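Structural overview
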Amino acid sequence: MDNLLAAWREFLKGKRKKRDVQEFERNLMSNIVSLHTDLVRKAYVHGGYREFRINDPKARDIHKASVRDRLLHHAVYRILYPVFDRSFIADSFSCREGKGTHKAIKRFGSFAFKISKNHTRTLWILKCDIRKFFASIDHQRLTNILEERIPNQNILWLLSVIIKSFQINGQAKGLPLGNLTSQLLVNIYMNEFDQFVKHQLKVKAYIRYADDFVLFSSDKRELEKMLVYIETFLRDNLSLTLHPKKVSIRTLASGVDFLGWVHFPDHRVLRTTSRRRMFRRLKKTAYRRDSVGSYIGLLGYGNSQKLKKEINIASEQMSKRNGLGTR
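Residues numbered from 1 in each chain as written. Predicted model: local features only at pLDDT ≥ 70, side-chain atom pairs only at ≥ 80, totals over all residues. Heavy atoms only, no water.

1. Observations regarding the environment of S218
You can see S218 is positioned in the loop between β5 (212-217) and α10 (220-238). Considering only alpha carbons, one finds S218 and T122, 96 residues apart in sequence, at a separation of 6.1 Å. Sequence-distant contacts of S218, that is, excluding residues within four places in its chain, are made with I115, T122 and W124. (Helix = DSSP H or I, 4+ residues; strand = E, 2+ residues; numbered from the N terminus. Contact = heavy atoms within 4.5 Å.)

In structure tokens:
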């Protein structure tokens with residue numbers, strides 16, 4: 001009960017005005033007691049999902065569970081996350097406290113500097129992307145991994161209920177992008193690959209962010225050999241395949257696209273598609289001050305003086321057009 005109440009307080013942040021949340025809160029204690037009772041009796045049944053699509057930047061299908069189920073996801077996450085997070089490698093950056101894209105980009109620069117001997121040697125980078133990542137997670141393989149890590153049968157039962165609540169075309173695979181638990185479960189799943197890269201392939205310079213990952217080397221042939229082992233491990237152990245159009249081995253000097261930026265030895269520039277998306281979003285908000293400030297802060301992670309100037313000019317023009325002066 002204590003965990004469910006604490007999970008509710010965390011879940012509620014930023015959602016108080018949502019109608020479904022307000023409806024659940026009207027009978028909060030009754031709803032939480034009912035959920036707790038179902039869990040104790042192992043009578044809990046996960047409900048269905050409401051599906052909708054977003055473009056961020058590519059089309060993604062989001063599956064949203066009920067408030068009751070999302071509360072449970074928070075309760076599960078807040079207990080299991082700190083346990084599993086300790087077992088993850090340092091260079092896994094997605095959906096982890098104290099990590100994120102900015103830390104991953106900084107680590108990219110650190111590895112590039114180190115492996116290239118202060119940019120005095122040619123640096124090769126293998127970049128890969130997993131095809132249909134969330135939709136390809138195999139339920140049975142995920143369950144097997146969890147059974148190896150978790151001795152408590154009650155927890156395994158509950159995780160099984162959550163995992164089985166979502167299927168793709170009737171097949172036992174896939175995790176919904178809308179679930180908080182999905183973020184943890186995919187990291188647990190991909191930790192198998194992280195450990196393989198670090199301890200069997202013995203790659204020191206490796207970064208993964210969700211389904212995107214890069215390996216650094218001064219030897220192109222070494223990366224070509226690694227790629228064969230990587231494809232085999234992902235296929236045979238995790239039922240995953242690399243996106244054929246998003247695998248590349250190229251020098252840093254030629255520019256490597258990773259996490260929205262194109263990286264070079266002495267600078268990085270915003271990816272063209274990211275730039276276009278940024279201006280579309282700013283236009284939708286009429287260059288609102290907080291939006292402008294947010295993107296100016298983002299651009300601080302690269303060489304983007306020209307872009308900052310463009311944003312400021314567009315913002316001033318929008319303000320004059322609306323007769324608002326400085327916004």
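2. Re the nonpolar core
Core analysis: the biggest nonpolar cluster contains 64 residues, and W8, L146, F193, F213, L215, I230 and L238 have the highest contact counts within it. If one sorts the elements of this core by residue count, helix α9 (residues 180-200) sits on top with 10 residues. Residues within four places of F193 in sequence aside, it is in contact with Y206, F213, I230, F233, L234 and L238. (Core = buried A, V, L, I, M, F, W, Y, C linked by side-chain atoms within 4.5 Å. Buried < 20%, exposed > 50% of the residue type's maximum accessible area, 1.4 Å probe, protein only.)

3. Re the packing of helix α2 (residues 19-26) against helix α4 (residues 67-85)
Interaxial distance between α2 and α4 falls to 10 Å at its minimum, and their mutual angle equals 85°. Relative to α4, the element α2 is oriented roughly perpendicular. When α2 is examined against α4, the residues D20, V21 and F24 are found in contact with a partner set consisting of V67, R68, R70 and L71. Looking at the contact of α2 with α4, its residues break down into four nonpolar, no polar and three charged. (Axes fitted to C-alpha atoms, helices over the stretch in contact; angles between N-to-C directions. Parallel < 35°, antiparallel > 145°, perpendicular 65-115°, else oblique. Nonpolar A, V, L, I, M, F, W, Y, C, P; charged D, E, K, R; others polar.)

4. Comments concerning helix α8 (residues 153-164)
With 12 residues, α8 should reach 16 Å at 1.5 Å per residue; the first-to-last C-alpha distance of 16 Å fits that figure. Inspection of α8 places L156, L158, L159, S160, V161, I162 and I163 among the buried residues, and these make up the whole buried set. As for α8, its buried residues are in contact with α3 (28-40), α4, α7 (139-149) and α9. Where α8 begins, the capping side chain belongs to N152, and its oxygen is found 2.8 Å from the backbone nitrogen of N154. (Expected span 1.5 Å × (residues − 1). Polar contact = N/O pair within 3.5 Å; in protein donor to acceptor, adjacent residues only side chain to side chain.)

5. Describing the packing of α7 against α8
Interhelical geometry of α7 versus α8 gives an angle of 160° and a closest axis separation of 11 Å. Of the possible angle classes, the one that applies to α7 and α8 is roughly antiparallel. Seen along the crossing, α7 lies across α8 with a hand that is right-handed. On the side of α7, the interface is formed by H139, L142, T143, L146 and E147, while α8 contributes L156, L159, I163 and K164. When the residues that make up the contact of α7 with α8 are grouped by side-chain class, the tally is five nonpolar, two polar and two charged. (Left-handed = near helix turned anticlockwise from the far one by under 90°.)

6. Some thoughts on the sheet that holds strand β9 (residues 268-270)
With antiparallel pairing, the three strands of this open sheet are ordered in space as β7-β8-β9. If you trace the sheet from one side to the other, it starts and ends with β7 (256-258) and β9, each paired once. Each adjacent strand pair in this sheet contributes to an overall mean axis angle of 30°, direction not counted. Note that strand β8 (residues 261-263) and β9 share three bridges and pair antiparallel. Residue pairing across strands places W261 opposite L270, the latter belonging to β9. Contacts from helix α5 (residues 101-115) reach β7, β8 and β9 within the one sheet, and its direction differs from that of β8 by about 10°. (Pairing = 2+ DSSP bridges.)

7. Overview of the side chain of D69
On the secondary structure map, D69 appears in helix α4. Although D69 lies buried, it forms no salt bridge, and the closest oppositely charged side chain, R68, sits 5.1 Å away as judged by the N-O distance. Residues contacting D69, with those up to four places away along its chain left out, are Y44, V45, H46 and G47. (Lys, Arg positive; Asp, Glu negative; His and termini not counted. Salt bridge = Lys/Arg side-chain N within 4 Å of Asp/Glu carboxyl O.)

That's the geometry; what it means functionally is another story.
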